[in-house]
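Each chain, written out:
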Amino acid sequence: LGDAPLPPKGTFRARIMDIRDEFGVERKNFEDPSKIEKVDLTAFLFAFRDRTGALHRIDSKPMKISGNEKSNLYAFLKSLTGESPRMGWDYVELKGTDCQITVEHVPSKDGSRIYAQIAAVAPLPQDAPLPPAQPARAPAAQAAQAPAAVPPRSAAVPARPTARPAPAPVAPPPPAPVDAPADLD
């Protein structure tokens, strides 16, 4: 994400800000690196506030778009929602959903830099939600540079989709604007 400061390590309440799909990406074949294959990839962008109220963004590693139970995407979605994803489900519905992420710091191969990466994702506990990861009011200087507000989850963000079909068709709520979280509830 460019020259942004290194996100802190730890477990945080986060919001899925964007889900980016790329189609026809050429990369080395996993089984035979001498061969080039075209694959479709997806990555999730999360935003969270640390305990001082500073806004951070971090994205997942790109994952091959696959519904195979052994795929990285399948495992990621299962961890994120707490349920096995059903076939045909459009995971882009998760955009705007709050969740829990664990960030770890990993050294580069040559040891010259430290990178932040997502170590784990999980749904927010329903009976024991994480405390807000920011003060009630952001400092004035930070509030001036904070991006546009995202409505609280209860106001506009649809609930996490379930793996079971709904008993009757229900019209989905209108999509929530998800530019960046001014606060994460």
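Bear in mind the structure is a predicted one, so any value in this text is a computation, not a measurement.

## Some points on the side chain of Asp-50
Tracing the backbone shows Asp-50 in the loop between strand E2 (36–49) and strand E3 (55–59). A distance of 3.0 Å separates the side chain of Asp-50 from the backbone nitrogen of Ala-54, its partner in a polar contact. Polar contacts involving the side chain of Asp-50 include one to the side chain of His-56, which spans 2.9 Å.

## Looking at the pattern of salt bridges
Think of it this way: side chains of opposite charge can pair up when their charged atoms draw near. With the rule as written, the count across this model stands at five salt bridges. One salt bridge in this structure joins Arg-15 and Asp-98, with 2.6 Å as the shortest N-O distance. Linking Arg-15 in strand E1 (residues 10–28) with Asp-98 in strand E5 (residues 98–107), this pair joins segments that are 83 residues apart in sequence. For the pair shown, Arg-15 and Asp-98 are each scored as buried.

## Digging into the layout of surface pockets
There is about 750 Å³ of room inside the largest pocket. Lining the largest pocket we find 24 residues, and of these Pro-62, Met-63, Lys-64, Asn-72 and Leu-73 sit closest to its centre. Breaking the lining of the largest pocket down by element, the ones donating at least two residues are strand E4 (63–64), helix H1 (72–81) and strand E6 (114–122). With six residues, E6 is the single largest residue contributor to the lining of the largest pocket. Grouping the amino acids of the lining of the largest pocket by side-chain chemistry returns ten nonpolar, seven polar and seven charged.

## Brief notes about the environment of Leu-80
With respect to the element layout, Leu-80 can be found in helix H1. As a C-alpha pair, Leu-80 and Ala-122 span 42 residues in sequence and 4.4 Å in three-dimensional space.

## Remarks on the pairing of E2
Most of E2 sits inside the fold, with eleven of its 14 residues counted as buried. When E1 meets E2, the two strands line up antiparallel, connected through twelve bridges. For Asp-21, the partnering residue across the bridge sits in E2 and is Thr-42. Here two bridges tie E2 to E4, and the two strands are oriented antiparallel to one another.

## Observations regarding the nonpolar core
Counting 21 residues, the largest nonpolar core has Ile-16, Phe-44, Phe-46, Leu-80, Tyr-91, Leu-94 and Ile-101 as the members making the most contacts within it. Counting only elements with at least two residues in this core, the list comes to E1, E2, H1, E5 and E6.

## Some words on the packing of aromatic side chains
Inspection of the entire model under this criterion finds five aromatic pairs. Aromatic pair Phe-12 and Phe-48: ring centres 4.6 Å apart, planes at 25°, arrangement stacked. Remark: Phe-48 occurs in strand E2 and Phe-12 occurs in strand E1; sequence separation between them is 36 residues. A residue is classified by how much of its surface remains accessible, and Phe-12, at 4% relative accessible area, is buried. Each ring, one from Phe-44 and one from Tyr-91, has its centre 5.9 Å from the other, and the planes form 35°; the classification is tilted. With Phe-44 in strand E2 and Tyr-91 in the loop between H1 and E5, this residue pair connects regions lying 47 residues apart in the sequence.

## Topic: the pairing of E5
When E1 meets E5, the two strands line up antiparallel, connected through six bridges. Bridge pairing in E5 links Phe-12 to Ile-101. The sheet contact formed by E5 and E6 spans eight bridges and is antiparallel. Opposite Gln-100, over in E6, you have Ala-122 as the bridge partner. Hairpin geometry of E5 and E6 is characterised by an intervening segment of six residues between the two adjacent antiparallel strands and by a positive phi of about 80° at Gly-111.

Conventions adopted
- Residue positions are given per chain, counting from 1 as you read along its sequence in written order.
- Totals for whole chains, interfaces and linings use every residue, but because this is a predicted model, local features are given only for residues with pLDDT of at least 70 and side-chain atom pairs only at 80 or more, for both listing and counting.
- Side-chain metrics rest on all non-hydrogen atoms present in the structure, leaving aside hydrogens and water.
- Strands here are runs of E lasting at least two residues and helices are runs of H or I lasting at least four, both read from the DSSP assignment and numbered beginning at the N terminus.
- In the analysis that follows, any N or O atom pair within 3.5 Å is treated as a polar contact, provided that within protein one partner can donate a hydrogen and the other can accept it, and provided that, for residues neighboring in sequence, both atoms belong to side chains.
- Salt bridges, as used here, are contacts in which a Lys or Arg side-chain nitrogen is within 4 Å of a carboxyl oxygen on Asp or Glu.
- Only protein chains enter the accessibility calculation, which uses a 1.4 Å probe. A residue is then buried if its area is under 20% of the maximum for its type, exposed if over 50%, and partly exposed in between.
- In the cavity and pocket records, a cavity denotes points on a 1 Å grid over the protein atoms alone where a 1.4 Å probe fits but cannot get out, a pocket denotes an open set with protein on both sides within 12 Å along at least 5 of 7 lines, and lining residues are residues with an atom within 4 Å of a point.
- Grid points are joined across faces, edges and corners, and a volume is the space filled by probe spheres set on the points.
- Under the grouping applied here, Gly and all other residues not named as nonpolar or charged are polar, the nonpolar ones being Ala, Val, Leu, Ile, Met, Phe, Trp, Tyr, Cys and Pro and the charged ones Asp, Glu, Lys and Arg.
- Strand pairing is assigned whenever DSSP detects at least two bridges linking the two strands.
- Among buried residues, the Ala, Val, Leu, Ile, Met, Phe, Trp, Tyr and Cys ones that are joined through side-chain atoms within 4.5 Å form a nonpolar core.
- Stacked, tilted and edge-to-face pairs are distinguished by plane angle, under 30 degrees for stacked and over 60 for edge-to-face with tilted covering the rest, among Phe, Tyr and Trp rings (Trp via its six-membered ring) whose centres lie within 6.5 Å.

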